Amino acid sequence: MSEEQFERAVLTKLKSEGWEYREDLSNHTDDVIEDNWRSILNDNNRVKLAGTPLSDTEFDNLKLELLHNKTPYDAQLMLAGAGGIGTLPLTRDDGTQLEIEIFYGDEIAGGHSRYEVVNQITFPNLPRTLGNNRRIDIMLLINGLPVAHIEEKDESRSNQYSAFQQFQKYDSDGMYTGLFSFVQVMFMLTQNSSHYFARPKNATEYNKEFIFGWRDDDGKDVTNAMTFIHQVMGIPALHRLVTVNMIPDADNDNLMVMRSYQIQATRAILDRMRVMENNHLIEKEGGYVWHTTGSGKTVTSFKVAQLLASLPRVRHVLFIVDRVDLVTQTAENFKSFAYKTFENRIKVVKGHELKKALKQKSDTASNIFLITVQGLAKAVKAGLVSDERMVILMDEAHRSASGDAVEKIKKAFSKTTWFGFTGTPNFYSNEDLDVKTTRDISTHDVFGDRLHRYTIKDAIGDQNVLGFDVTYYTPDVEQSADKKLNEKELEKAVYSSLPFREAVVQDIIDNWRNNHSGPIEMGIRQPNMFHGMFAVSGKQAVVAYYKLFKRMAPDLRVAMSYSRDEDNGEGTSDLQEDLKAAITDYVNLFDTHNFFDDKDTERAYLNDITKRIAHKKPYNKKLTPEQELENPQRLDLIIVSDQLLTGFDSKYVNTIYMDKILKEGLLIQAMSRTNRTIDRVAKPHGKVRFFRKGEQMEENVRNALVIYTKGGNDTLEDIKNKPDTDETDELENDDILAQKKSTQIQELIPEINHLKNLAGEDFSEIPKSEKEQVEFVSLAAKVNRSVQQLIQRGYNFGEELPIIDKSGNETGEKVRLNLMDKDEFSALQARMNDINDFLPREEQIDLTEIKIAIDKYGHEIIDYDKLVELLNAYMKEISEAGRKEIENHINKMDAGNKSEIEEILAKIESGEYTKPFDTESLNKARDEIRSGQQELKLRRWAADNDVNSNAIVAAFELFLPNVSAVDNPKFKQEMNKIEDSNKMTLLKRRSFENKLQEFFKTL
């Protein structure tokens, strides 16, 4: 299908979704969009303007105000305005001052809001380019403001990522300024692939990591463009997307757009509240959202809190966490995400402060109060009660909502509905799914029905988080321990012993460089690119290990921390002295301020550690090795007992070491400290290494992953229900756990051999043809990524590994990577970079985007400019060699596209084509050939089905793919004419229509 035909189908679908197609504005220059906006401003502000339209001077002054929009973040704030109405200040020619209304965030699918779509707009005067013919595909306008930009691609000629590069080019040319600074979201569409992303703040910030696909309400990927348009770009969905579902990020002066599962979870909670309101009910159990760790629960919970606080009958929203440090961290995030007008309504409170705030009837605004569950329980115990309509949102609901405290809070807040957010809900066992838990109360029991689910399997599939590379190390002292020892004796004789702990520390030291260095670049790995966490059993173990690291690895920068809330029995005062000593070490090493001068020393110390590990200000500078020595910034390892194992995120933590037994939700939470995404070559998986009871922990890991990919039973009644067969499938090929290293090597060997065939055994040769050069670079990029992953997992060049069969057993054979050392790998990297630089610019691969390189290698897209050049050369001199070169160049095309070029060759040879091609004229020639081929197929089909061939050709001209006949009345009318002329019965008409449309889809 041609790009033009696809664009017509997109426009038709948008019209069916409520957009008005402005044909009178389309195929014009961008100034008509300004004129249209001016007309809408006059109309919507008729009363304020007292019937006198904006003068040229006044309109020019309004356009000057738009220059304040330096980023999409600025534009979003301007759209949001105050009270849901975006405005611009205007001083009229007579001196009168007004606020001109430009956008109505709350008037969705009604009121003043107008929805228009235009296409093929040309920008002749972009400020940062010499070109004068930049032309976009489709722009969506709300109240005349361009809020969404769509680029479509014919997937037979280019992939959707060329649209991404096109957006970036438009941005660097200066397109998104003035009126077009309001573009919030960008869409990339092909017939079978649809994605969106928030417009970055400038042309250098475009990052493919932030391109999102769409999942439907059942969690299934939506790829069909027309289905995507219906779910995402219809009205009111698009209006909500550019308002309610945008998150301004003040810390980074940037804009975020919510992912599909975040939007659906938010909608589910609001729908639940509306049902209660409509039925005049107040139910305490609202429901819970299960979104895996790392999926952006903070963003979702903020948006839910903000929207709930805006509901007319909700007095306040209480956001509850279970740790004091999380209150501060969450409040900072919430304020960063809030509009300025809402920021002062986000308040951190203690129990007595909440009690005072709830008594203030003069404050009519609804607030979001952040408090710990312990602080709220204490306030309730002291007499706090409220019968106002409120909502409680509980973070980490799997652990926060336990014990008597929640029941007492529920009684004290009689008209409050509870919603929970958790990455690891508590379930009852589900033997049919092989899900075994130890819970006697589920998250459902506390919060009610599960409202939305997004599992770790979903998140890994969407590349929102990483899978895990799990290893186990058993020190000799544990292997040789007396099997008759009970748990208490084993703890004393083995796990608390000096030999065991020394062996653990030595293992961490021996593997530190492999585990925490960056990828190999020209034979060199950047050391200490990533941080580690070490989780141990209790405060005494934290102190013991800290002292061992100081003795055994004095060059490693290690810190320790634990809280006063952890139960550790005797020796509390000594432990506090040990913590003070560790804090003093930290202050001296990093030359920080003295935390002992702070009101809460331990919290200030821990806060500094988390900022340092997360590379947050002021620890976000990239220092040279010399600067790092002079003013140390990097912390290598943090030793904890229970702190930071939940609720703490840093993409720079790649390994967690564990000398403790965890299971189920706590285990997944701890492992997930490592699986935040960054450069996937440097960090392909989150690494987890266990030192205690390897066999038991291997079973615990498997069981935990089964629980949090398949889910258990919410209620005891659920246990009686049999699961769907789809849910009982084993976890395979989902990249949740890294594959065995030997298996990965077996897959790499033939690929490396092919690279050696192309470039020589030592990679010293340049492949002869451009086709082979592109093939080499694309495959080398894939191999580079896989080898880097092996290195990151601890593989050493030349090492032989046992081959593992599908049952997990060793076969007795061994395998070794056919790259013998770092020098040979560096030679491959050097050749890959050299050849990539040698290729034409359009054919070069962004080697930082390995996935795109792989996609390009597997796709039939070819260098179009090169094809034009070859065809013109062939037109000048027809030769067998020239034809062979063209045939080699188009070899990756599918049969349909290849046949078009072959017909062009035949017409060159016959003398029909004599004028040299450019890209546009070649496309035109191909379209004519394609139309001729299509017409031949159409007439043959008509003859085979005994209908008029002219009528079938006419019907095809009106056919729009993936648009139903009901939404395409002209096509429906043409079909009816054919049916009438052939006197078809009702039954035959249905069969004919289905058959005809299925045939048209193949063309």
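Per chain, the residues get numbers from 1 upward, laid out in the order the sequence is written. Only residues with pLDDT of at least 70 are given local features in this predicted model, and only at 80 or more are side-chain atom pairs given and counted; all residues enter the totals for whole chains, interfaces and linings. Side-chain measures were taken over the full set of non-hydrogen atoms in the model, leaving aside hydrogen atoms and water.

(A) Just the overall build of the protein chain, in detail. A tally of regular secondary structure across the protein chain gives 38 helices and 31 strands. The C-alpha extent of the protein chain, read off along each of the three principal axes, is 95 × 80 × 65 Å. Across the 1003 residues of the protein chain, 55% fall into the buried class. Pairs of residues are marked as contacts when any of their non-hydrogen atoms sit within 4.5 Å. Looking at the protein chain alone, contacts between residues at least 24 apart form 71% of all its contacts between residues at least 6 apart. Only the protein chains shown count as cover for residues, with accessible areas throughout obtained via the Shrake-Rupley method and a probe of 1.4 Å. Split by element, the accessible area of the protein chain, about 45,500 Å² in all, is 47% carbon and sulfur. Across the protein chain, the mean location of the 132 positive side-chain charges is 4 Å away from that of the 164 negative side-chain charges. To qualify as a helix, a DSSP run of H or I must reach at least 4 residues; to qualify as a strand, a run of E must reach at least 2; elements of each kind are numbered from the N terminus. Note on exposure labels: buried denotes an accessible area under 20% of the residue type's maximum, exposed denotes more than 50%, and partly exposed covers the range between, all computed with a 1.4 Å probe on protein chains only. Charge counting follows a simple rule: Lys and Arg are positive, Asp and Glu are negative, and His as well as the terminal groups are ignored. Lysine's charge is taken at NZ, arginine's at CZ, aspartate's at CG and glutamate's at CD.

(B) Summary view of the nonpolar core. By convention a nonpolar core is built from buried Ala, Val, Leu, Ile, Met, Phe, Trp, Tyr and Cys residues, the set being connected through side-chain atoms within 4.5 Å. Counting residues in hydrophobic clusters, the biggest one holds 113 residues, and the most contacted among them are Leu-14, Leu-140, Phe-187, Leu-238, Ile-368 and Leu-393. Among the elements that line this core, the one with the most residues is helix α9 (residues 297-309), at 7 residues. Per the annotation, domain bounds derive from an automatic or database assignment of domains. Each of domain 1 (3-249) and domain 2 (260-454) gives at least three residues to this core. Those residues in contact with Ile-368 that sit more than four places away from it in its chain are Ala-305, Gln-306, Ala-309, Val-317, Phe-319, Phe-334, Phe-342, Arg-345, Ile-346 and Lys-347. Phe-447, Ala-535, Tyr-586 and Leu-662 belong to the second-largest nonpolar core, a separate cluster that totals 101 residues.

(C) Layout of the sheet that holds strand β26 (residues 558-561). Read across the open sheet, the 6 strands follow the order β22-β29-β28-β25-β27-β26; overall the sheet is parallel. A single partner strand is all that each edge strand has here, and the edge strands are β22 (468-472) and β26. Pairs of neighbouring strands in the sheet enclose a mean axial angle of 20 degrees, with direction left out of account. At least two DSSP bridges between two strands are needed for those strands to be called paired. Across 4 bridges, the pairing between strand β28 (residues 653-659) and strand β29 (residues 686-690) is parallel. Angles here are taken between N-to-C directions and fall from 0 to 180 degrees, while the axes themselves are lines fitted to C-alpha atoms, restricted in helices to the stretch in contact.

(D) Region of interest: the pattern of salt bridges. Salt bridge, as applied in this entry: a Lys or Arg side-chain nitrogen positioned within 4 Å of an Asp or Glu carboxyl oxygen. Counted according to the given criterion, the structure contains 52 salt bridges. The partner of Asp-507 in a salt bridge is Arg-689, and the shortest N-O contact between them spans 2.7 Å. Here the residue Asp-507 occupies a position in helix α20 (residues 498-510), and Arg-689 occupies one in strand β29, the gap between them amounting to 182 residues. Judged by relative accessible area, Asp-507 falls into the buried class, the value being 7%. By relative accessible area, which is 15% here, Arg-689 ends up buried. With a shortest N-O distance of 2.9 Å, Asp-642 and Lys-660 are connected by a salt bridge. Taken together, the residues Asp-642 in the loop between β27 (637-640) and β28 and Lys-660 in the loop between β28 and α26 (664-671) connect sequence positions 18 residues apart. Where salt bridges share partners, they join Arg-215, Asp-221, Asp-458 and Asp-462 into one cluster.

(E) Seen up close, unusual backbone geometry. Along the chain, Ile-235 connects to Pro-236 via a cis peptide bond; the corresponding omega equals 20 degrees. By secondary structure assignment, the location of Pro-236 is in the loop between α6 (225-233) and α7 (237-241). Put simply, Lys-617 and Pro-618 share a cis peptide bond, and its omega is 5 degrees. Inspection of the secondary structure assignment puts Pro-618 in the loop between α24 (601-614) and α25 (625-630). Despite not being glycine, Glu-664 has its phi angle at roughly 50 degrees, a positive value. Relative to the assigned elements, Glu-664 resides in helix α26. The backbone of Lys-983 sits at a positive phi, close to 50 degrees, despite the residue not being glycine. Position of Lys-983 among the secondary structure elements: in the loop between α37 (969-981) and α38 (986-1001).

(F) A look at the pairing of strand β25 (residues 531-536). Counting buried residues along β25, 6 of its 6 residues qualify, which places the element largely inside the surrounding structure. Here β25 shows no split at all, with His-531, Met-533 and Ala-535 on one side and Gly-532, Phe-534 and Val-536 on the other all buried. As paired strands, β25 and β28 are joined by 6 bridges and run parallel to one another. The residue of β28 that forms the bridge with Phe-534 is Tyr-657. Pairing between β25 and β27: 4 bridges, direction parallel. When the sheet's bridge partners are listed, Phe-534 is paired in β27 with Ile-639.

(G) The arrangement of the pairing of strand β30 (residues 800-804) in detail. Judged from the 4 bridges that link them, β30 and strand β31 (residues 810-816) form a sheet pairing that is antiparallel. From the neighbouring strand, Ile-804 faces β31, where its bridge partner is Glu-810. Here β30 folds back onto β31 in antiparallel fashion, the turn holding 5 residues, of which Gly-808 has a positive phi close to 90 degrees.

(H) Structural detail: the sheet that holds strand β1 (residues 20-21). Taken in spatial order, the 6 strands line up as β1-β4-β7-β8-β9-β10 in an open sheet, and their pairing is mixed. Of all strands in the sheet, those with a lone pairing partner are β1 and β10 (193-198), marking the two edges. Summarising the sheet, strand β8 (residues 145-152) and strand β9 (residues 185-190) pair through 5 bridges and their orientation is parallel. Bridge pairing links His-149 to Met-186 in β9.

(I) The packing of helix α2 (residues 31-44) against helix α3 (residues 56-65), seen in detail. Contact geometry for α2 and α3: axes closest at 12 Å, N-to-C directions at 105 degrees. As far as their axial angle goes, α3 and α2 are roughly perpendicular. Counting all contacts with α2, which are made through Glu-34, Trp-37, Arg-38 and Leu-41, the residues of α3 involved are Asp-56, Phe-59, Leu-62 and Lys-63. Each residue is assigned to one class: nonpolar for Ala, Val, Leu, Ile, Met, Phe, Trp, Tyr, Cys and Pro, charged for Asp, Glu, Lys and Arg, and polar for all the others, Gly among them. Looking at the contact of α2 with α3 residue by residue, the classes come out as 4 nonpolar, no polar and 4 charged. The labels follow the angle: roughly parallel below 35 degrees, roughly antiparallel above 145, roughly perpendicular from 65 to 115, and oblique for the rest.

(J) Structural context of the packing of helix α28 (residues 741-759) against helix α29 (residues 770-792). Running from amino to carboxyl end, α28 crosses α29 at an angle of 150 degrees, the nearest separation of the two axes being 10 Å. Looking at the two axes, α28 sits roughly antiparallel to α29. The handedness of the crossing between α28 and α29 is left-handed. Contact residues: Lys-741, Gln-744, Ile-745, Leu-748, Glu-751, Ile-752, His-754, Leu-755, Leu-758 and Ala-759 in α28; Glu-772, Glu-775, Phe-776, Leu-779, Ala-780, Lys-782, Val-783, Ser-786, Val-787, Gln-789 and Leu-790 in α29. Tallied by class, residues from the contact of α28 with α29 come to 12 nonpolar, 4 polar and 5 charged. Should the near helix be turned anticlockwise from the far one by less than a right angle, the crossing is termed left-handed; should it be turned clockwise, right-handed.

(K) Inspection of helix α8 (residues 260-278) at higher detail. Expected helix span is computed as 1.5 Å times (number of residues minus one). If you check α8, its first and last C-alpha atoms are 26 Å apart, about what 19 residues at 1.5 Å a residue would give, namely 27 Å. Summarising burial for α8: 14 of the 19 residues are buried, a large majority. Downstream of α8 by one or two residues, His-280 has phi in the positive range, about 55 degrees.

(L) Structural context of the packing of aromatic side chains. Note on aromatic contacts: the rings of Phe and Tyr and the six-membered ring of Trp form a pair at centre separations within 6.5 Å, being stacked when their planes are under 30 degrees apart, edge-to-face when over 60 apart, and tilted otherwise. Scanning the entire structure with this criterion turns up 39 aromatic pairs. For the ring pair Tyr-473 and Phe-691, a centre distance of 6.1 Å and an interplane angle of 85 degrees mean the geometry is edge-to-face. Remark: Phe-691 occurs in the loop between β29 and α27 (694-710) and Tyr-473 occurs in the loop between β22 and α18 (476-479); sequence separation between them is 218 residues. The criterion for a charge sitting over a ring is simple: Lys NZ or Arg CZ within 6 Å of the ring centre, and within 35 degrees of the ring normal. The cationic tip of Lys-410 hangs over the ring face of Trp-418; the distance from NZ or CZ to the ring centre is 5.7 Å.

(M) Local environment of the confidence of the model for the protein chain. Across the protein chain, the average pLDDT comes to 87, with 92% of residues at 70 or higher. Scored from 0 to 100, pLDDT reflects the predictor's confidence in each residue. Taking the mean pLDDT of every element in the protein chain, the minimum, 38, falls on helix α31 (residues 850-858) and the maximum, 98, on strand β7 (residues 138-142). Low pLDDT, under 50, characterises residues 722-732; the predicted model gives this stretch 18 contacts beyond four residues in sequence or across chains. Contacts for the low-pLDDT stretch residues 849-861, under 50 throughout, to residues beyond four places or in other chains number 34 contacts.

(N) A look at helix α10 (residues 324-337). Here α10 is 14 residues long and its end C-alpha atoms lie 20 Å apart, about the 20 Å a rise of 1.5 Å per residue gives. Along α10, the residues classified as buried are Leu-326, Val-327, Thr-330, Ala-331, Phe-334, Ser-336 and Phe-337.

(O) Fine view of the environment of Glu-34. Along the chain, Glu-34 falls in helix α2. A relative accessible area of 23% means that Glu-34 is categorised as partly exposed. Residue contacts for Glu-34: discarding those within four places in its chain leaves Phe-59, Lys-63 and Leu-179.

(P) Structural view of the side chain of Ser-26. Note on placement: Ser-26 falls in the loop between β1 and α2. The class of Ser-26 is buried, set by a relative accessible area of 3%. Here a polar contact means two N or O atoms within 3.5 Å. Within protein one must be a hydrogen donor candidate and the other an acceptor candidate, and residues neighboring in sequence count only if both atoms are side-chain atoms. Looking at Ser-26, its side chain comes within polar contact range of the main-chain oxygen of Arg-22, at 2.9 Å. If we ignore the near neighbours within four places in the chain, the residues touching Ser-26 are Tyr-21, Val-118, Asn-119 and Ile-121.

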